Structure formats: C-alpha cells, structure tokens
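# Observations on the model geometry
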Amino acid sequence: MGLELAPKQSHVLPDMEELSFTDSELDYHVRNALKAAVQGDRDFYNQLVAVMHHKERLVPEEVALLVTCLKGLTGAVSCMHIVHHRSLLAAIFGMSLWNYGTDVMDALVELLISLAASSGDYVDLCLEMIVSNFIPPSSSSSYFIELLKQPRGLAMKGQVLDRLHSTLKDIANLVPLSPLRLEKIVRDRMPNIYMKEPFIVIYVENMLKLESGAMHELVGSTMLVAIMDRLIDLDVEIAWDDILQDDFCKGIFDMELEDLEKTDYHVQQDGDELARESFIQRFLGGNLIAEKLDSLMVLTFEHLTSCSESGRLIQVFETLLYSFQKTVLTAYKSKFTQFVMFYACSLDPENCGKIFASTLLEIFVSSIYPEWRMSAVAYLASYLARAKFVSVSFVGATLESIVNWCYDYCKDQDGDVNPRAHKVFYAGCQGIMYVLCFRMRSMLSIPRLKSQLLLMHIENIIGHPLNPLQVCLPSIVEEFLRLAKANHVFTVPQTFVDYGLLESECSRAFGGVQRLDMFFPFDPCLLRKSDRYIRPNFVYWSMVRSTYNEDDEEEGTSVEDIADASENGMNIVDDGSARSFGEGFLDLDEFDTSLNKMSITPRDSSSKFGGGIRGFMQMPSRIRPSTSPESL
C-alpha cells in the first residue's frame, strides 16, 4: 500500500524538558500517543509527525529531539497501524539519510529494521525507502552535486551507503524473502539515461555493492543484467552522424594510422596525454550521454577487477555473457558497451576469454537467426584481431573453425554471387580476412601455425564462384590481398592486387540495411576514461601495419625477416606454444622503432591501398567510429 506524504504540520514542537523521559517512559508516551490517535486524540501524535518533517538546518537540540522520537517509535512499532498512522509512516518513509548526521541516520535505520520485522505490510515500504536513498534527494540535486566533489561530501556518501547496505542485510536476515522483493524494486527505480551523471553513477555503485554483498547469490545476476541494459540504453543514444561527418573517403585502415599521426597520438605514452585527450575530444567532446556511459563503464571495470581479485570473476562473467547475448549482440551496432566483455576477458584470458570466443563461434555456426550469426562473427573477428591477450595459437584454431564452416558452405553452392542469399557466408569470409590483416605475420612466424594456415581452405573459398572478394568490404579485401602477396602465402587474383577496389552494389548488399558488413565492434574505444582500461590490452593497427611498401616492395619485409626479428625480442616463438600478443612484449615506443627499422611502416599515406590514382575512389559509406573495421 502506497503512502502519500502528509503536509508539513504547523504544530509547535514541545520543549526538550517535556520529553526528558527515560527509555521506558518514552516508549510509554509514544505508545499512548499512537493509541490515542486511533481513538481520535491526535495532539501528541501530530507533534510526532511534525518532528519527522523537520529537517532544515537542525540545531543540536532539534537533532536530539528527532533522535529521541525515532528511538521511541522503534520501541513502539507494534502499536503502529498502516491505515490509522498513515501520515506518520509517510513522514518516516519520506525522510532521506542524506539530510542528516550519523546520529539521526542510525536511529532511522533502526526504526526501518523494526518496522520490516514487525509486519509484512511494511517490508516493501522499507525497501523502497532504502532504495530511494541510494541517491541524494532530487529537491537538492544541485547542492549535493557540488558537495560530492568535496571530501566531506564523499565522506557523507560513504556513511549513507554503508548504513543502507547493512540495513538491507539485517532486513534480509529477519525477512528471508525480502531480497526477492528488493531486486524488483531496484530494477524498477533505476534512473533513466537523462538523470544527472553523479546520481546515476551513485545508483549503479549501489547496485554493484548489492552484486558483491551478502545477498549477491540472490540479487547479483539481476543487478548485472540491469546495468548492462542501461549501458546499452546510453550507447544507442550516441549518434555518430553528428560526430564525424567527413573522412568517409579514406581507406578504413588508413583512418586509424592517419588520425594517430595527425594528432601525434602514441598509444600508452604517458607523456602525450594531452594529445590523446585532444584526439578523443574531436569525437565525443561535450556529449553528456557519452560521459555518463564512460563513467558507468569505468565503475563496471573497477567492479570486475575486484571480482577477479576475490576469485568471483568466472561467476560474474557467466551473467555478463548471458546479458551480452540477449542485449548487446542483438543491439544495432553497439559502440562501447561490448568493451565490458573485452575487459573481463583481459582479466582471465584462459577462462573468460576462451568462453567468449567459443560462444561467438557457436552462435555463428549454429544460430537460426542470420543477423545474429553475422553479428557474432563480426564480434569474433574483431576480438581475435584486437585482443592482445589472446594467444596466436588460439587465434589460429578459432580462425580454422570459421574457415571450415565457410568452406563446407561454399562446397554445397553452385550459384553465382548473391550477397543477400549468402550473407552469413560473406560475413564469415570478411571475418577471416579481417583477422588475417592483423594476425597473418605472427602466424606465419611460427612454423606450426604457418603450416596450419597454409592448409586451411582459404584459396578454395576466395576462388569460389560465390566470389567473396567481390562482395566483402573493399578496404579489407585489398589489405588482405596485399598482405597475402607480400608474404607469398596465397594465390590471389592479380587484377585485385594491381588495381584499387571500387565499391560495387555487391559490396553494399550483404550487410543489409544495418550495414553489418561494416560492423567491427572492437574498434579503438573513444570513451576518455574507459580507454585507459582498454589500451594496455588492445592491438592497434599501427602495431601491425603492412609488411609492404607499394612504391618500393624490395625494401619490404618478408616472413623470414619477421621470424628473425622475433628471435631478437619481438616475442614470437617458433615452438608453437600459446604465447599471447602482449606477453613479455616490447613497450610500444620500442615496438614502433622496430617497425620503422624493418621498413614496414609506409610513411606516405598515398602509397597505401594502391595510392593516388589506383587507390579507393569511394568507400562503402561514411565510416563512423566503432561501426566500421578501422574507424580511427
């Protein structure tokens, strides 16, 4: 039963001397006041209600009076009636811990515990009141936003949140079914995406406290799923159309390299933070929705780190993976939320990382929904290409599974190019080529993996009449073919190598209206704070740029050159062991120096992808960050 707040009473508060009672005397007087109110004598009852409403700039005597009344009510909860004492209950449940000091906080939460334990009628009301205290009162939002920037405001937040969660635990011990009621209340009262950032962050912080607290087995999964849902709600509100209006005629891989060079942006270089900030500001500066999403993702990253340290990550990851499949995978070109999965996998590559990849592979191979399959292989390819912590041998094994499915598919097809009819096949082919753009050299540098790669039926697939080279995204096809030619690994059509690719109707068609052909979800993260968590585990295109220079191919680097370089410290072993990309890797400054010495870094951007006249005349569409393979 809901309770409406009673209007503030005008009765004069009694002098302190009038309430100078012992505890037993106080209980007696409060009980009598409650009983008298039922009989129609409401004088002292109304004064109790007025005390509950009094919260503005309380002097010590008024604080003492409020504490005294709260304690008296705690001892008299058996005399309270949900109908006859509606105004008193409404006043109590309308109080906010944020408005008081610790003495009042303690007295108030003790009253809530007693009320919840006394009758089932009060359980939901107590839980709703506690959840409403997850954030400061909206009537004073500006004041609390400024206060929370100060040490004393942060101290107050800690005092409030600690009491709220200890109270929820105490109520759960007394009313075992209360957590089931709590999870619905928390989910229903979750702030919408337009609430001010500090408040929505505090609310989610409370949800994560519940996830890791004493009730985590009962409410934890619900909290995580609700948080992921809200992240997606924020994510889809960010429209790239208003952020990046040009750059759509560049080569996709060019975009990341050129923007890095243009802003003098060097990954993981602490001394260049200002350049990094400028780079991100270009895309998302002043976007309030993006800033909220950024803050919530950082909060989630910190929670996952804590779960990892406490040995709970795999349990939490199962819930995240469920939420990912139901919400993120099916969202239209999610831009940032998926990095929660990426970060969780980076904390435990052997378990979470492999489970994530295996799940995506299973969806691609066996799901009945074509769009889900296309989205899954886009996620899988982007993950294998970008995750520094994924071993190259695992990349090879997973890539082989994708290749085998594509090979089996095209063996059963006699027709010609048909992007719409065979869109899942083309999505798989594009994923294969995208992964190899990033991982080909490292695979070729390990004899076992080189043999594995050469035995895959990739030539059969690209030479099939379904002609994936004509249908897949031209920039990926051209980069793949040039790498294949430079490293002498596949027989490729000479016409594709010698002339830049133009977008055709076929290359636009298989992605459908949603352009899933241009969806590579683990593009560089453009959220300022979240990027700091992703960067150490992320493979940038500048780290694996091409092994050729079209204008002077004899100065390029062969597979043997790369193998020699790996023996000199680039961490590519020749025993086939599963060594991750980042394990024992050079720092990035040294890596860039090594790339330059190996002459595999084309400095003239016009020489890439055919250069000048033979380069791209048109990209498939406007390239937007995180909606295309190489948005940066």
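Residues numbered from 1 in each chain as written. Predicted model: local features only at pLDDT ≥ 70, side-chain atom pairs only at ≥ 80, totals over all residues. Heavy atoms only, no water.

### What to know about the overall build of the protein
Helix and strand counts for the protein stand at 30 helices and 0 strands. Per-residue burial over the protein gives 58% buried out of 632 residues. Long-range pairs, those at least 24 residues apart, make up 79% of the contacts in the protein with a sequence separation of at least 6. (Helix = DSSP H or I, 4+ residues; strand = E, 2+ residues; numbered from the N terminus. Buried < 20%, exposed > 50% of the residue type's maximum accessible area, 1.4 Å probe, protein only. Contact = heavy atoms within 4.5 Å.)

### Side note on the side chain of Asn 133
Assignment of secondary structure puts Asn 133 in the loop between helix H6 (123-132) and helix H7 (141-147). The exposure class assigned to Asn 133 is buried, which follows from its relative accessible area of 1%. At 3.4 Å, the side chain of Asn 133 and the side chain of Ser 96 are in polar contact. Once residues lying within four places of it in the same chain are set aside, the contact partners of Asn 133 are Met 95, Ser 96, Leu 97, Trp 98, Val 160 and Leu 164. (Polar contact = N/O pair within 3.5 Å; in protein donor to acceptor, adjacent residues only side chain to side chain.)

### Section: the packing of aromatic side chains
In the structure shown here, the tally under the stated rule is 29 aromatic pairs. Here Phe 134 and Tyr 203 contribute two aromatic rings whose centre-to-centre distance is 5.5 Å and whose plane-to-plane angle is 65°, an arrangement assigned as edge-to-face. Separated by 69 residues along the polypeptide, Phe 134 in the loop between H6 and H7 and Tyr 203 in helix H10 (residues 197-212) bring together distant segments of the chain. For the pair Phe 134 and Tyr 203, a shared accessibility class is recorded, and that class is buried. (Phe/Tyr/Trp six-rings, centres within 6.5 Å; stacked < 30°, edge-to-face > 60°.)

### Topic: the environment of Leu 218
Considering the arrangement of structural elements, one finds Leu 218 in helix H11 (residues 216-237). Spatially, the C-alpha atom of Leu 218 lies 9.9 Å from that of Leu 177, the residues being 41 residues apart in sequence. The residues contacting Leu 218, other than those within four sequence positions of it, are Pro 179 and Glu 183.

### Structural notes on the packing of helix H19 (residues 392-411) against helix H20 (residues 423-444)
With their axes 10 Å apart at the nearest point, H19 and H20 run at an angle of 150° to one another. As the angle between them shows, H19 and H20 are arranged roughly antiparallel. Along this stretch, H19 crosses H20, giving a crossing that reads as left-handed. Counted together, Val 392, Val 395, Gly 396, Leu 399, Ile 402, Val 403, Trp 405, Cys 406, Tyr 409 and Cys 410 of H19 and Val 424, Phe 425, Gly 428, Cys 429, Ile 432, Val 435, Leu 436, Arg 439, Ser 442 and Met 443 of H20 form the full contact between these two elements. Here the residues of the contact of H19 with H20 sort into 16 nonpolar, 3 polar and 1 charged. (Axes fitted to C-alpha atoms, helices over the stretch in contact; angles between N-to-C directions. Parallel < 35°, antiparallel > 145°, perpendicular 65-115°, else oblique. Left-handed = near helix turned anticlockwise from the far one by under 90°. Nonpolar A, V, L, I, M, F, W, Y, C, P; charged D, E, K, R; others polar.)

### Considering unusual backbone geometry
Unusually for a residue other than glycine, Asn 467 sits at a positive phi of about 50°. Its place among the elements puts Asn 467 in the loop between helix H22 (458-462) and helix H23 (468-471). Unusually for a residue other than glycine, His 488 sits at a positive phi of about 55°. As for its position among the elements, His 488 is in the loop between helix H24 (474-487) and helix H25 (494-498).

### Focus: the pattern of salt bridges
Under the definition given, this model contains 14 salt bridges. A salt bridge links Glu 146 to Lys 149, with the nearest nitrogen and oxygen atoms 3.2 Å apart. Salt-bridge contacts for Arg 230 lead to Asp 233; the nearest nitrogen and oxygen are separated by 2.5 Å. Residue Arg 230 and its partner Asp 233 are located together in helix H11, separated by 3 residues, close to a single helical turn. On the accessibility criterion, Arg 230 (14% relative accessible area) is buried. (Salt bridge = Lys/Arg side-chain N within 4 Å of Asp/Glu carboxyl O.)

### Quick look at the nonpolar core
Residues Met 52 and Tyr 383 are the most contacted members of the largest nonpolar core, which totals 193 residues. Here Met 52 is in contact with Leu 66, Cys 69, Leu 70, Leu 73, Leu 88, Ala 91, Ile 92, Met 95 and Tyr 100, once residues within four sequence places are set aside. (Core = buried A, V, L, I, M, F, W, Y, C linked by side-chain atoms within 4.5 Å.)

### A word on the packing of helix H16 (residues 339-347) against helix H17 (residues 349-366)
At a closest axis distance of 6 Å, the pairing of H16 and H17 adopts a crossing angle of 140°. The hand of the H16/H17 crossing is left-handed. Contact residues: Met 341, Ala 344, Cys 345, Ser 346 and Leu 347 in H16; Pro 349, Cys 352, Gly 353 and Phe 356 in H17. A class-by-class count of the residues in the contact of H16 with H17 yields 7 nonpolar, 2 polar and no charged.

None of this, on its own, says anything about what the molecule does.
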